[in-house]
Amino acid sequence: MTTQGSGLLADKVALITGASSGIGAAAARVFAREGASVLLVARREKQLADLADALQEDGYKARYAVADVARSGEVAEAVRAAVEHFGRLDVAFNNAGYGVEQTPLHLMDDQVYDRIMDTNVRGVWNCLRHEITAMLETGGGAIVNTSSVGGLVATPVAAPYVTSKHAVVGLTRAAAAEYAAQGIRVNAVAPGTTRSEMVTEWFRNNPAVEPTLHRLTPQSRTAEPGEIAEAAAWLCSDRASFATGVILPVDGGFTIL
Ligand SMILES: NC(=O)c1ccc[n+]([C@@H]2O[C@H](COP(=O)([O-])OP(=O)(O)OC[C@H]3O[C@@H](n4cnc5c(N)ncnc54)[C@H](OP(=O)(O)O)[C@@H]3O)[C@@H](O)[C@H]2O)c1
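Under an unreviewed UniProt entry, the name given to the protein is SDR family NAD(P)-dependent oxidoreductase, and the organism recorded is Streptomyces fimbriatus.

J.: Which residues make up the packing of aromatic side chains, and what values do they have?
T.: According to the stated counting rule, one finds 2 aromatic pairs in the structure shown. With centroids separated by 6.0 Å and ring planes inclined at 20°, the aromatic side chains of Phe 31 and Phe 93 adopt a geometry described as stacked. Of this pair, Phe 31 sits in helix H1 (residues 22–33) while Phe 93 sits in strand S4 (residues 91–94), and the two are 62 residues apart along the sequence. When its relative accessible area of 0% is taken as the criterion, Phe 93 is described as buried. A centroid spacing of 5.8 Å and a plane angle of 25° characterise the contact between Trp 202 and Phe 203, whose relative ring orientation is stacked. Residues Trp 202 and Phe 203 agree in their burial class; the two are buried. The ring of Tyr 98 carries the charged tip of Arg 115 above its face, separated from the ring centre by 3.5 Å.

J.: Help me get a handle on the pairing of S4, residues and values and all.
T.: On S4, burial covers both faces: Val 91 and Phe 93 on one face and Ala 92 and Asn 94 on the other are all buried. Across 3 bridges, strand S1 (residues 13–17) lies against S4 in parallel orientation. When the bridges of S4 are listed, Leu 15 appears paired with Ala 92. As judged from the 4 bridges shared by S4 and strand S5 (residues 141–146), these two strands associate in the parallel manner. Bridge pairing links Val 91 to Ala 142 in S5.

Conventions and cut-offs
- Per chain, residues are indexed from 1 in the order of the written sequence.
- Reporting of local features is limited, given that this is a predicted model, to residues whose pLDDT is at least 70; pairs of side-chain atoms are given and counted only at 80 or more, and all residues count toward the totals for whole chains, interfaces and linings.
- Think of the side-chain values as coming from all heavy atoms in the structure, minus any hydrogens and water.
- Classification of ring pairs rests on two measures: the distance between centres of Phe, Tyr or Trp rings, Trp counted by its six-membered ring, which must be within 6.5 Å, and the angle between planes, read as stacked under 30 degrees, edge-to-face over 60 and tilted in between.
- Labels follow the DSSP assignment, with helices taken as runs of H or I lasting at least four residues and strands as runs of E lasting at least two, numbered in each case from the N terminus.
- Note on classification: 1.4 Å probe, protein chains only; a residue is buried when its accessible area is under 20% of the maximum for its type, exposed when over 50%, partly exposed between these limits.
- Note on geometry: a ring has a charge over it if NZ (lysine) or CZ (arginine) is within 6 Å of the ring centre and within 35 degrees of the ring normal.
- Two strands are counted as paired when DSSP detects at least two bridges linking them.

Dropping the structure here:
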């Protein structure tokens, strides 16, 4: 049984980046369950196609577009695909991101810095510009970007990632201030450690990391991707109608210590 037509995001058209795994894939399921038609975006086509098929089999409206968020033209095409398939764009979750390299700043490769900034900052920049353009045509919408606890506090040996996620906070606030009067809310989630693809690999290669992070987290555990997706769904929904420019930590208390 589907809940399309009812729920937190009833009848919304949503675009989700980074939907091929982790938090974005969980968001695809949560947003669809809450009534949204979802356009899934990432670079790996097979994962997107499999997830879109699974959602369609469950009776939800789901399509996908392959795009590298660092490329403006590809993001423009993805936004166009959402409008073509579903008629407009109401909601976007700009969640694609990258970066778990743990290297001291002075030893970090310039190429790592470039890749992280291109994906995490230019990616959100590209998404905001094309999504806002589409939303202005239909009188408004709601956008949630994925920052990180690394966008609120510094975590060691991850300078490019921390820099990029602080930039996402800046972009979120700037866009929120600029488009509030035109009916577009822009917020961000700041996840703590979450059991996604990139983190699972990181834990596998560095077994001491997970227990250390648990010690630094009042709730003493790693989040499941769906827990971040739930917060994003609420911020995207009309139930968060007076929330804009908010950076919402979903971190088991990591940033309160
Ligand atoms: N997991 C955590 O502990 C944690 C904590 C704080 C913040 N975050 C943030 O949460 C977001 C989601 O990450 P995740 O934890 O769910 O990890 P994940 O499972 O590795 O997912 C990352 C997603 O981003 C997509 N992506 C990466 N580069 C892209 C690009 N250039 N263009 C389009 N899509 C791209 C990947 O898809 P393709 O490879 O198919 O393109 C994938 O779908 C990221 O912004 C990450 O920084 C995660």
